[in-house]
Amino acid sequence: MREENVKVIIWGLGSMGGGMARMLLKKQGIEIVGVIDGWDQLAGKSMYEVLDVEQGDKPEIKITHDSEKETVIKEGAADVVLLATDSYTAKAFDKMVFILENKINVITTAEQMAYPQAQEPELAEKLDKIAKENGVSVMGTGVNPGLIMDLLVLVMTGACEDIDHIVSRRVNSLSPFGRAVMEEQGVGLDPEEFDRLLEEDKLAGHVGFEESVGLIAKGIGWDLDEPVRTSMESIVSSVPRKAPYAEIEAGQVAGVNMLGWGKVDGEDKIEMIHPQQIEPEDEGTHTGDYVEITGVPDINLAINPEVPGGIGTIAMCVNSIPNIINAEPGLRTLLDLPIPTAMLGDVRKKIK
């Protein structure tokens with residue numbers, strides 16, 4: 001077993017990064033050695049104070065501003081950086097390159113990084129090259145994409161002789177996520193403003209359909225006829241709702257209903273259905289995750305309620321730490337790595 005603790009740096013101490021820090025502080029054989037965040041108000045503060053957790057006998061960790069990242073991220077400083085700052089490969093690209101060039105592995109929550117080949121093939125190729133040159137690896141993961149609407153689907157196809165059609169449906173709550181996600185979904189907008197921003201392509205909605213469909217198709221050997229098609233419409237609340245990072249009145253947007261299709265041999269063979277909103281139970285919507293495969297045999301999998309998005313993303317990133325450390329250098333996806341499992345016991349036992 002490895003003697004020294006696994007060392008982790010967290011970049012982005014928002015809702016997801018803060019959750020990762022809390023989870024790591026409970027683990028054996030792993031330690032946080034640095035925290036970086038772009039918010040001026042956090043710079044210089046104690047990580048433990050911001051997280052509102054007891055420091056105990058653990059060494060003090062002061063939060064470093066993005067502008068001084070080089071004082072934390074340097075060769076030999078850590079085994080892995082958990083990057084929780086962006087949804088898009090292009091926006092996270094420079095940060096990932098900086099980390100990789102300092103010979104540290106990267107796990108990012110950026111949804112497009114679950115399979116960047118789908119929408120950013122040139123950046124994916126560059127990341128793969130830089131990672132290999134520096135002997136480290138980079139991957140993106142989370143609950144979705146990264147688990148529910150892709151990895152879970154692929155696992156279930158393992159029981160199939162043939163497949164005609166796949167439906168992946170996730171009905172989930174946005175409430176655990178931070179302000180950035182609320183803005184991407186248009187939560188709190190009036191419906192007219194939502195429609196205007198949607199037409200101007202200023203709302204992201206769910207980021208990841210292209211990646212999930214691409215992963216499923218590649219995993220089972222289907223070639224997509226064309227780019228993944230998506231649509232998005234607002235979910236307007238008829239009652240007031242309050243979540244940790246958003247509060248809305250009746251008549252305002254509570255979330256979005258996202259749909260996606262992957263066409264194979266002239267037919268829509270992969271279908272994505274993903275309504276997501278804050279506090280869905282306030283209007284009687286019950287969350288859940290569903291996989292429906294038409295084939296030999298037919299498969300119907302239902303998880304009620306949903307796998308929670310917040311803790312799910314946090315855990316997927318933290319639990320992927322051994323896999324990315326053990327991985328061959330380069331850009332990695334869930335198709336390249338073992339299925340992540342919970343890290344119980346001493347984390348060092350999982351390191352090769």
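Further up the page is the structure itself.
Now for a quick tour of the structure. Predicted, not measured: the structure shown is a model, and the values here were computed from it. (Residues numbered from 1 in each chain as written. Predicted model: local features only at pLDDT ≥ 70, side-chain atom pairs only at ≥ 80, totals over all residues. Heavy atoms only, no water.)

Quick word on the side chain of Thr 157
Counted only if it meets this: The helix count covers DSSP runs of H or I at least four residues long, the strand count covers runs of E at least two residues long, and both are numbered beginning at the N terminus. Any N or O atom pair separated by 3.5 Å or less is treated as a polar contact, with the protein-specific requirement of one donor-capable and one acceptor-capable atom, and with residues adjacent in sequence counted only for side-chain atom pairs. Throughout, a contact is declared for two residues whenever any of their heavy atoms are within 4.5 Å.
With respect to the secondary-structure elements, Thr 157 resides in helix H5 (residues 151-157). A polar atom in the side chain of Thr 157 sits 2.6 Å from the backbone oxygen of Leu 154. Once residues within four sequence positions are removed from consideration, Thr 157 is found in contact with Ile 163, Ile 166, Ile 220 and Ile 293.

Side note on the packing of aromatic side chains
Put simply, the rule is: What counts as a ring pair is set by centres within 6.5 Å for rings of Phe, Tyr and Trp (its six-membered ring), and what kind of pair is set by the plane angle: stacked under 30 degrees, edge-to-face over 60, tilted for all other angles. Whether a charge sits over a ring depends on NZ of Lys or CZ of Arg being within 6 Å of the ring centre and within 35 degrees of the ring normal.
Here the structure, examined in full by the defined rule, presents 0 aromatic pairs. Across from the ring centre of Phe 98, 5.1 Å away, lies the NZ or CZ of Lys 69, which sits over that ring. Seen from the ring of Tyr 290, Arg 169 lies directly overhead, with NZ or CZ sitting 4.1 Å from the centre.

A few points about the nonpolar core
Where we set the bar: Only buried residues count toward a nonpolar core, which is a set of Ala, Val, Leu, Ile, Met, Phe, Trp, Tyr and Cys residues joined through side-chain atoms within 4.5 Å. Categorising residues by exposure relies on relative accessible area from a 1.4 Å probe, with only protein chains included: less than 20% of the type maximum marks a residue as buried, more than 50% marks it as exposed, and the intermediate range marks it as partly exposed.
Formed by 46 residues in total, the largest nonpolar core has its most connected members in Val 8, Leu 24, Met 47, Leu 82, Ile 278 and Ile 321. In terms of residue count, the dominant contributor to this core is helix H1 (residues 15-25) (6 residues). With residues up to four places along the chain from it excluded, the contact list for Ile 278 reads Leu 174, Ser 175, Met 182, Val 187, Arg 241, Ala 243, Ala 246, Ile 248 and Ala 254. Core analysis: the next-biggest nonpolar cluster, separate from the first, contains 32 residues, Leu 203, Phe 209, Val 213 and Val 228 among them.

Section: a negative patch on the surface
Applied cut-off: In this analysis, a patch consists of residues with relative accessible area above 30% that form no salt bridge, clustered at 9 Å for like charges and at 5 Å for the nonpolar side chains Val, Leu, Ile, Met, Phe, Trp and Tyr. Using a 1.4 Å probe, the Shrake-Rupley method yields the accessible areas, and only the shown protein chains count as cover for residues. Basic side-chain nitrogens of Lys or Arg form a salt bridge, by our definition, when they fall within 4 Å of a carboxyl oxygen of Asp or Glu. Positive charges are assigned to Lys and Arg, negative charges to Asp and Glu, while His and the chain termini are left out of the count. A single reference atom marks each charge: NZ on Lys, CZ on Arg, CG on Asp, CD on Glu.
There is a patch of like negative charges on the surface, built from Glu 161, Asp 162, Asp 164, Asp 223, Asp 225, Asp 265, Glu 267 and Asp 298. Checked against the element boundaries, Asp 223 lands in the loop between helix H8 (209-220) and strand S8 (229-236).

So, the sheet that holds strand S3 (residues 63-65)
Convention followed: In this analysis, strands are considered paired if DSSP registers two or more bridges between them. Fitted lines through C-alpha atoms serve as axes, helices being fitted only where they are in contact, and the angles separating the N-to-C directions of these axes extend from 0 to 180 degrees.
Taken together, 7 strands build an open sheet; the order of strands is S3-S2-S1-S4-S5-S6-S15 and the sheet is parallel. If you trace the sheet from one side to the other, it starts and ends with S3 and strand S15 (330-331), each paired once. With 3 bridges joining them, strand S5 (residues 105-108) and strand S6 (residues 137-140) adopt parallel strand pairing. Considered in S6, the bridge of Thr 108 is made with Gly 140. Relative to the sheet, H1 contacts strand S1 (6-11), strand S2 (30-37) and strand S4 (80-83), its axis offset from that of S1 by approximately 160°.

Notes on the pattern of salt bridges
A side chain with one charge can pair with a side chain of the opposite charge if their charged atoms come near. In this structure the tally under the stated criterion is 16 salt bridges. Between Glu 4 and Lys 7 there is a salt bridge; the shortest N-O distance is 3.9 Å. Glu 4 sits in the partly exposed class, given a relative accessible area of 47%. Residue Arg 196 pairs with Glu 200 through a salt bridge whose shortest N-O separation is 3.0 Å. Accessibility expressed as a relative area gives 36% for Glu 200, which makes it partly exposed.

A look at the pairing of S1
We apply this condition: By convention, a crossover is right-handed whenever its connection, traced from the first strand over the helix to the second and viewed with the strands pointing away, goes clockwise.
Along S1, 5 of the 6 residues are buried, which leaves the element largely enclosed by surrounding structure. One ladder, built from 6 bridges, connects S1 with S2; its direction is parallel. In the sheet register, Val 6 faces S2, and the bridge partner there is Ile 30. With H1 bridging S1 and its parallel neighbour S2, the resulting β-α-β unit is right-handed. Where S1 meets S4, 4 bridges bridge the pair, whose relative direction is parallel. Directly across from Trp 11, in S4, lies its bridge partner Leu 83.

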